[in-house]
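The residues making up each chain are set out below.
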Amino acid sequence: MENYYQKEIETASYEQIRQMQSERLVKTVNHVYENNEYYRNLMKKKGVTPDDIKSVDDLHKLPFLTKDDLREAYPYGLMSKPLSECVRIQSTSGTTGKRVVAFYTQHDIDLWEDCCARAIVAAGGTKEDVCQVCYGYGLFTGGPGLNGGSHKVGCLTLPMSSGNTDRQLQFMTDLEATIICCTPSYAAYLAESIYEQGLRDKIKLKAGIFGAEAWTEQMRKDIEAKLGIKAYDIYGLTEICGPGVAFECSAQSGMHVNEDHFIAEIINPETGEVLPEGEKGELVFTCITKEAFPVIRYRTKDICVLSREKCSCGRTHVKMAKPMGRSDDMLIVKGVNVFPSQIEEVLLKQGLTSNYQIIVDRENHSDTIEVRVEMTPELFSDKVNDLSKKEKEINAALKSMLGIYANVRIVEPKSIVRSEGKAVRVIDKRNLYN
Amino acid sequence: MTIKQLSIFVENKAGTVSSIAKSIADAGVSIRALSVADTQEFGILRLIVSDVDKAKDVLSENDCVVSVTKVIGVQIPDVPGGLSEVLALMSENGINIEYLYAFITISGQHAYVVLRVEDNEKAAEVLSKAGIKLVSQEDIDAL
Ligand SMILES: [Zn+2]
């Protein structure tokens, strides 16, 4: 028996969904055009007025928004409600210069939490469940989103936040948590700790909702086997609302996009042209119910496929596959967005060259990032202390730029592999998209 | 009075030092003194050689980061505790020794060490005053 949080909406017919989307899109475009100068200017530049948008079929006429727009408009430029109507901000983590701050009215928080509640119910959650949320709380959307969703479902919510594994395990066993929400890599880490400490018989978990970073089917199988649970994927990004933009159901074969709130499109990342269902391209989202920060045609840079094939769970909303890669060079390390250009900026500021290489790996289910940079005559000293000190300085500068620790390793000149004269910038050994 | 030392950046991996030694030898330059200081990840190879300029050119051609550092060569008094006398002189005069290492080549009965300090002039003066013989670049070249 499949349970739904909002059955009527989640199982609405395609025609009903289209109808709802068209009405809401028209309303949102008018709202944004009237209240947001930045997007109004983009529309004017493209020669589009709200009158041109009569239904979802006209969506392609609207201009895109990118992360660059969000950065340019930082902090208030993309707001469509006065600050006095807003009750919350959330933000992407630690990435100075590329930070995104999203604003929410109470209405926006409500719909976001509804989306998360749908995900929890789809994972089998009811008010009888004990839901342990070990995503980070704070500016990061993971903790607050699932926390709110868990409240809506009526679960007993354990707002654990991330880290402190011993305490996580103690609450998990003592309070008999049945659902766990965290990053897949932390889930794998917890699974291992549980196995090592012989706690497998003491835990009551039945489901996990894992997101905020890419993970493979192999990881899913491992976590499910080690914890004896069903592991569900969840997708979201701060720009749209946070986790819950799309979520996995009992079929565990793609994530239903909450189409009554967000319209998903797949475009050719080169040309911007909309691609037909089933074709691989860049995922684009339009918020159609949000008030404070409704981004329109936001380019996620995630490469993905959409499918309207009938789902065994009874939900009718379009399904997105796990993202298969990125159309830009962004890396997600420990749930944090990392751009090679940010690392380059730090290295150049520290007097190093742009001959560097980023090596991302996963050890003991935790992401590691190493930055290799070639020694230069200017940086060199005959004293070990000088070099160690310099290394520490670079480490600290990277930490403050990225928000996570990256190990710097100074290497011999010309030792970084070059391809056609250019250093190979990123080596991601995690194979996340296989 | 100072002598020239080559300082070379090396990664902490097998074969680096020997390949550097080989390219210097292939250029017909002899190594008179050598030390490696390292951390877990990188090291600094320090060399006193028979022909600094030639060795530096060869290493630069091989994409090494190499610099020339002025250091002091000291002939250790040929008595028990000769080295500690030198060290005591340094500390009494507030001269901080960054590092020191021994020569490979021993001329006659004497032992030599390389001293790296911040203030070469002061160190040389203190040592000379105490009657300790310093090694000149000419001495090295003549070895
Ligand atoms: Zn489904």
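Remember, predicted model here, so these are calculated numbers, not experimental data. (Residues numbered from 1 in each chain as written. Chains lettered and ligands numbered in written order. Predicted model: local features only at pLDDT ≥ 70, side-chain atom pairs only at ≥ 80, totals over all residues. Heavy atoms only, no water.)

Peer 1: I'm lost on the packing of aromatic side chains in this one. Help?
Peer 2: Describing an aromatic ring pair means giving the distance of the ring centres and the angle of the ring planes. Considering all chains together, one arrives at eleven aromatic pairs over all chains under this definition. Ring geometry for F210 of chain A and W215 of chain A: centres 5.8 Å apart, planes at 80 degrees, overall edge-to-face. For the pair shown, F210 of chain A and W215 of chain A are each scored as buried. Feature note: the residues Y76, F103 and F293 of chain A constitute an aromatic cluster, connected by ring pairs. The ring of Y104 of chain A has K290 of chain A lying over it, and the distance from NZ or CZ to the ring centre is 5.8 Å. Seen from the ring of Y99 of chain B, R46 of chain B lies directly overhead, with NZ or CZ sitting 3.4 Å from the centre. (Phe/Tyr/Trp six-rings, centres within 6.5 Å; stacked < 30°, edge-to-face > 60°. Buried < 20%, exposed > 50% of the residue type's maximum accessible area, 1.4 Å probe, protein only. Lys NZ or Arg CZ within 6 Å of the ring centre and 35° of its normal.)

Peer 1: Would you explain the pattern of salt bridges in this entry?
Peer 2: Opposite charge on two side chains permits pairing when their charged atoms draw close. Residues and elements named next belong to chain A. Tallied over the entire structure, the rule returns 35 salt bridges over all chains. The salt bridge involving E217 is made with R220; its shortest N-O contact spans 3.0 Å. Residue E217 and its partner R220 are located together in helix α9 (residues 217-227), separated by three residues, close to a single helical turn. You can call R220 buried: its relative accessible area is 4%. Linking R372 and E370 is a salt bridge whose minimum nitrogen-to-oxygen distance equals 2.7 Å. The network of salt bridges with common partners includes E213, R362, D367, D428 and R430. (Salt bridge = Lys/Arg side-chain N within 4 Å of Asp/Glu carboxyl O. Helix = DSSP H or I, 4+ residues; strand = E, 2+ residues; numbered from the N terminus.)

Peer 1: What is the right way to look at the interface of chain B and chain A in this model?
Peer 2: Frequently, the measure chosen for interface size is the accessible area removed from exposure when the parts meet. Counting residues at the interface gives 23 residues for chain B and 20 residues for chain A. For the pairing of chain B and chain A, the buried interface totals around 1700 Å² over both sides, and the portion due to carbon and sulfur atoms is 59%. When the buried surface of chain B facing chain A is broken down by residue, F9, E41 and V65 of chain B rank first, second and third, together holding 36% of it. Along the contact surface separating chain B from chain A lie four salt bridges. Its salt-bridge partner being D382 of chain A, residue R116 of chain B comes within 2.6 Å of it at the nearest N-O pair. Where chain B packs against chain A, one counts seven residue pairs in polar contact (both at pLDDT 80 or more). Elements represented by at least two residues in the side of chain B that touches chain A include exactly β1 (3-11), β3 (42-49), β4 (66-76) and β5 (97-102) of chain B. (Contact = heavy atoms within 4.5 Å. Buried area = accessible area lost by both parts, 1.4 Å probe. Polar contact = N/O pair within 3.5 Å; in protein donor to acceptor, adjacent residues only side chain to side chain.)

Peer 1: Please clarify how the nonpolar core should be interpreted in this entry.
Peer 2: Generally speaking, a soluble globular protein has its nonpolar side chains buried in company with each other. Ranked by size, the top nonpolar core spans 74 residues in total, and within it L62, Y235, I240, F262, L283, F285 and M320 of chain A carry the most contacts. In terms of residue count, helix α5 (residues 106-122) of chain A provides more of this core than any other element does, ten residues in total. Those residues in contact with F262 of chain A that lie beyond four places of it in its chain are Q21, L111, C115, I240, C241, G244, V245, V257, F285, T286, C287 and I288 of chain A. Membership of the second largest hydrophobic core comes to 33 residues, among which are V384, A397 and M401 of chain A together with V65 of chain B. (Core = buried A, V, L, I, M, F, W, Y, C linked by side-chain atoms within 4.5 Å.)

Spatial relationships are all this shows, so hold off on functional conclusions.
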